[in-house]
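# Topology and contacts: notes
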Amino acid sequence: MTAQTLIDTARALVAGDKGLLAMDESNATCNKRFAALGIPQTEGARRDWRELIATAPGLGDSIGGAILFDETIRQKTHAGVPFAKVLADAGIIPGIKVDTGAKPLAGHPGETVTEGLDGLRERLAEYAGMGARFAKWRGVIAIGDGLPSRACIDVNAHALARYAALCQEAGVVPIVEPEVLMDGSHSLARCAQVTEEVLREVFAQLSAQGVLLEGMLLKPNMVLPGQGSPVQDSVEAVADATVACLLRTVPAAVAGVAFLSGGQSAQLASARLAAMNTRFKSRLPWPLTFSFSRAVQQPALDAWKGDAANVAVAQQALVFRTRCNRAARRGEYDAQKDAPR
Ligand code: 13P
């Protein structure tokens, strides 16, 4: 596998004005979202939901790559076509979540370390054989009283870099996702400080472990005040703080930056991404795009409710959100024409 293949794939994932679609929720997370809407929490229902997404007409216009969960990449649609092939046929590069989840970090109450390195070389080879050309690993950093600890930042950054190096060895583009959570009542400034510290360590580890920056994507959080903070900053303030943080910490060689949505409303996630691209377009060394799960899927899931009669309307809701975010990437999103925040 040549470095050029990694670079070509990484660029293709964020080509034009496209973004990525995260549809890689673990069974537990997917079931939780289904339960809230009274949808059965079964393998069949999860398959139906993922089929609705992957076959949505027009999805490939705005989505360059979609991240699958292990269960989904092994499933087929009702027509008997594997999900990776359905996506590839729609012009969407298939990807795979390869971490096995955030587990409690020993000696550090309230903090986690993401697991999944054992056997990863073999699993990557298997996933590549099933058509996956890129992968995702999410490290989680919580802000709280005395948190995050230095230990939490170090172990998660180290694991992200080990994962990324293994991916590139297998010819698979790594999406490196260090997520600073928006849970809590901290300020925008505190999130900026923690995100900067985390990204500095992540890139130090990526460098130390020889990861090719041109052949990877970064999937960061936006710099936001905590969900419980009494001060909710403006869209412009979030855009400015986020871009300032990224410009300080993310090398220009990185192929692209694609945000997670992290619990923001669909409309705010689009508006903030648009503001970044409007205000900083000429100063950004990397494409700044989206890799949302909730902020793209939730309106469609609300419309579907597990009922086959709602598939078409749910697909329209899904594709509408991908188009909003595609426009946001161009800096052309019009919040007035979108639903209320
Ligand atoms: P959200 O956009 O819902 O945060 O999910 C993105 C993701 O892939 C988390 O790992």
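An account of the accompanying structure is given in this report. Small disclaimer: the values here were computed from a predicted structure and weren't measured. (Residues numbered from 1 in each chain as written. Predicted model: local features only at pLDDT ≥ 70, side-chain atom pairs only at ≥ 80, totals over all residues. Heavy atoms only, no water.)

### Observations regarding the packing of helix α3 (residues 43–54) against helix α12 (residues 294–304)
Axis separation between α3 and α12 bottoms out at 12 Å; the angle between their running directions is 120°. Classified by the angle between their axes, α3 and α12 sit oblique to one another. Viewed along their axes, α3 and α12 form a crossing whose handedness is right-handed. From α3, A45, D48, W49, L52 and I53 reach across to α12, where they touch Q297, A300, L301 and W304. (Axes fitted to C-alpha atoms, helices over the stretch in contact; angles between N-to-C directions. Helix = DSSP H or I, 4+ residues; strand = E, 2+ residues; numbered from the N terminus. Parallel < 35°, antiparallel > 145°, perpendicular 65-115°, else oblique. Left-handed = near helix turned anticlockwise from the far one by under 90°. Contact = heavy atoms within 4.5 Å.)

### Here we look at the nonpolar core
Within soluble globular proteins, side chains that are nonpolar tend to cluster in buried spots. The biggest cluster of nonpolar side chains holds 116 residues, and the ones touching the most others in it are Y163 and L218. Residue contributions to this core peak at 10 residues, all from helix α8 (residues 150–169). Ignoring sequence-local partners within four residues, the contact set of Y163 consists of V98, L117, L120, A135, K136, W137, P174, I175 and V176. (Core = buried A, V, L, I, M, F, W, Y, C linked by side-chain atoms within 4.5 Å. Buried < 20%, exposed > 50% of the residue type's maximum accessible area, 1.4 Å probe, protein only.)

### Regarding the packing of aromatic side chains
Counted under the stated rule, the structure contains 4 aromatic pairs. On the basis of an interplanar angle of 45° and a centroid distance of 5.7 Å, the ring pair of F290 and F292 is categorised as tilted. Each of the two residues, F290 as well as F292, counts as buried. Taken together, the ring pairs connect F34, W49 and W304 into an aromatic cluster. (Phe/Tyr/Trp six-rings, centres within 6.5 Å; stacked < 30°, edge-to-face > 60°.)

### Focus: the site of the ligand
The environment of the ligand is made up of 13 residues, and the closest members are K136, K219, S261, G262 and R294. The contact in question runs from an oxygen atom of the ligand to an N or O atom on the side chain of E177, over 3.0 Å. In isolation the ligand exposes 300 Å². Once the protein is present, 93% of that is buried. Of the residues contributing to the shell around the ligand, the split by class is 3 nonpolar, 4 polar and 6 charged. (Near = heavy atom within 4 Å. Polar contact = N/O pair within 3.5 Å; in protein donor to acceptor, adjacent residues only side chain to side chain. Areas by Shrake-Rupley, 256 points an atom, 1.4 Å probe, with all protein chains shown as cover. Nonpolar A, V, L, I, M, F, W, Y, C, P; charged D, E, K, R; others polar.)

### Re the sheet that holds strand β10 (residues 288–292)
On the basis of which strands lie adjacent, the closed barrel formed by 8 strands has the order β1-β2-β3-β6-β7-β8-β9-β10 and parallel pairing. Pairing of strand β9 (residues 256–259) with β10 involves 3 bridges; the strand directions are parallel. Following the sheet pairing, V257 is matched in β10 by L288. Helix-sheet contacts for helix α11 (residues 266–280) involve β9 and β10, and the interaxial angle to β10 is about 165°. (Pairing = 2+ DSSP bridges.)

### Observations regarding the pattern of salt bridges
Applying the stated criterion across every chain, the model contains 25 salt bridges. In this structure, R47 and D48 form a salt bridge, with 3.8 Å as the shortest nitrogen-oxygen distance. Classification of R47 as partly exposed rests on a relative accessible area of 23%. Relative accessible area serves as the criterion here: at 30%, D48 is assigned to the partly exposed category. Notably, a salt bridge pairs D61 with R323, separated by 3.8 Å at the nearest N-O pair. Remark: R323 occurs in helix α13 (residues 311–330) and D61 occurs in helix α4 (residues 59–62); sequence separation between them is 262 residues. (Salt bridge = Lys/Arg side-chain N within 4 Å of Asp/Glu carboxyl O.)

### Looking at the side chain of D99
Mapping D99 onto the fold places it in the loop between β3 (93–97) and β4 (102–104). For the buried residue D99, which engages in no salt bridge, the nearest side chain bearing the opposite charge is K97, 4.9 Å off. Looking at D99, its side chain comes within polar contact range of the main-chain nitrogen of R138, at 2.9 Å. (Lys, Arg positive; Asp, Glu negative; His and termini not counted.)

### Observations concerning unusual backbone geometry
Put simply, L147 and P148 share a cis peptide bond, and its omega is 5°. One non-glycine residue, K305, lies in positive phi territory at about 55°. Its location among the elements puts K305 in the loop between α12 and α13.

### Focus: helix α9 (residues 188–208)
Note that an α-helix has 3.6 residues per turn; residues three or four places apart therefore point the same way. The end-to-end C-alpha distance of α9 is 30 Å, a good match for the 30 Å that 21 residues give at a rise of 1.5 Å each. Where α9 ends, the next residue or the one after it, G210, has phi of about 75°, a positive value. (Expected span 1.5 Å × (residues − 1).)

Keep in mind these numbers describe shape, not what the thing actually does.
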